[in-house]
Amino acid sequence: PVYDKYTLSLYSSDHEKIIDLDGNVNLPVYDTTVNLVVKVVDQNNQEAYSKPISINITGNDDSLENINNLLDEVKNIDESLYKPSTVKNLKDAINSVEQILTTKDLLVSELNDAATLLNQAYQGLELKEDQTTLQKLIAEIKGLDSKLYTDKSYQSLMEIVKEVEDQINDDSSKEEIVSAIAKL
């Protein structure tokens, strides 16, 4: 801004995430003292700099308690109930959020973004599909007496069983499991 024929601008900030050189202020999580130096230029382009000006920015740590509670909740889920791929996504989100929490000059907006990331991963968890019927059918087939069948037909059936076992896992959808049962 120009004031009485002098142009003023921020020259430096020791916490640019909180107050940047364009004068934008971002709300920190913790109370922070930001030291600024103002550059003054007169109409002859002569420059002068202020002594450091200390500004106390009051933080807002309400979001921190919320995200820590959410972290505790998602870390304590029973992973065995969910598809491994969705559990991996949640663990990746947890790691990202924990990394964000170690950031210098942590901002409330960063915590809000971290909470969104964690909530999306948590809501993205998918329960494993029930494979009980498929597993019983596979066990029944494996328990068949091979002497009651031709070598070729028994071998073909065992190849199908192996193929199904290779394809079906904890990430399999209900449709994939139904298809595998039909195949057997």
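Anyway, here's the lowdown on the structure attached to this text. (Residues numbered from 1 in each chain as written. Predicted model: local features only at pLDDT ≥ 70, side-chain atom pairs only at ≥ 80, totals over all residues. Heavy atoms only, no water.)

1. What to know about the overall build of the protein
Counting its regular elements, the protein contains six helices and five strands. Reading the helices (α) and strands (β) of the protein from amino to carboxyl end gives β-β-β-β-β-α-α-α-α-α-α. Relative to the compact-globule value of 16 Å for 184 residues, the protein shows a C-alpha radius of gyration of 31 Å, a clear excess of over 25%. In terms of its C-alpha atoms, the protein occupies a principal-axis envelope of roughly 105 × 35 × 20 Å. (Helix = DSSP H or I, 4+ residues; strand = E, 2+ residues; numbered from the N terminus. Rg over C-alpha atoms; globule rule 2.2 N^0.38 Å.)

2. Topic: helix α3 (residues 108-123)
An ideal rise of 1.5 Å per residue puts 22 Å on 16 residues; α3 measures up with 22 Å between its terminal C-alpha atoms. Buried within α3 we find Val-108, Leu-111, Ala-114, Leu-118 and Ala-121. One side of α3 holds all its buried residues, which, seen down the axis, span an arc of 145 degrees. α3 presents Asp-113, Gln-120 and Gln-123 as exposed residues on the side facing more than 90 degrees away from its buried surface. In the core, the buried residues of α3 are packed alongside α1 (62-75) and α2 (84-100). (Expected span 1.5 Å × (residues − 1). Buried < 20%, exposed > 50% of the residue type's maximum accessible area, 1.4 Å probe, protein only. Arc of directions from axis to C-beta. Contact = heavy atoms within 4.5 Å.)

3. Structural notes on the side chain of Asp-20
In this fold, Asp-20 is placed in the loop between β2 (6-13) and β3 (32-41). A polar side-chain atom of Asp-20 sits 2.9 Å from the main-chain amide nitrogen of Asn-24. (Polar contact = N/O pair within 3.5 Å; in protein donor to acceptor, adjacent residues only side chain to side chain.)

4. So, the packing of α2 against α3
The relative placement of two packed helices comes down to the angle between their axes together with the axis-to-axis distance. Where α2 contacts α3, the axes come no closer than 8 Å and their chain directions differ by 165 degrees. Considering the angle they form, α2 stands roughly antiparallel to α3. Remark: the crossing between α2 and α3 carries left-handed chirality. Mapping the contact onto sequence places Asn-89, Leu-90, Ala-93, Ile-94, Ser-96, Val-97 and Ile-100 in α2 and Glu-110, Ala-114, Leu-117, Leu-118, Ala-121 and Tyr-122 in α3. (Axes fitted to C-alpha atoms, helices over the stretch in contact; angles between N-to-C directions. Parallel < 35°, antiparallel > 145°, perpendicular 65-115°, else oblique. Left-handed = near helix turned anticlockwise from the far one by under 90°.)

5. Remarks on a negative patch on the surface
Residues Asp-31, Asp-61, Asp-62 and Glu-65 make up a contiguous surface patch of negative charge. Tracing the sequence through the fold places Glu-65 in helix α1. (Patch = residues over 30% accessible without salt bridge, like charges linked within 9 Å, V, L, I, M, F, W, Y side chains within 5 Å. Areas by Shrake-Rupley, 256 points an atom, 1.4 Å probe, with all protein chains shown as cover. Salt bridge = Lys/Arg side-chain N within 4 Å of Asp/Glu carboxyl O. Lys, Arg positive; Asp, Glu negative; His and termini not counted. Charge placed at Lys NZ, Arg CZ, Asp CG, Glu CD.)

6. Section: the environment of Glu-98
Its location among the elements puts Glu-98 in helix α2. We classify Glu-98 as partly exposed; its relative accessible area is 29%. For the pair Glu-98 and Leu-71, spaced 27 residues apart in sequence, the C-alpha to C-alpha distance is 8.7 Å. With residues up to four places along the chain from it excluded, the contact list for Glu-98 reads Leu-71 and Lys-75. Side chain to side chain, Glu-98 and Lys-75 meet in a polar contact 2.4 Å long.

7. Let's talk about the side chain of Thr-32
Tracing the chain through its elements places Thr-32 in strand β3. For Thr-32, a relative accessible area of 13% translates into the label buried. Among the polar contacts made by the side chain of Thr-32, one reaches the main-chain carbonyl oxygen of Tyr-30 at a distance of 2.9 Å. Here Thr-32 is in contact with His-15, Ile-18, Ile-55, Asn-56 and Ile-57, once residues within four sequence places are set aside.

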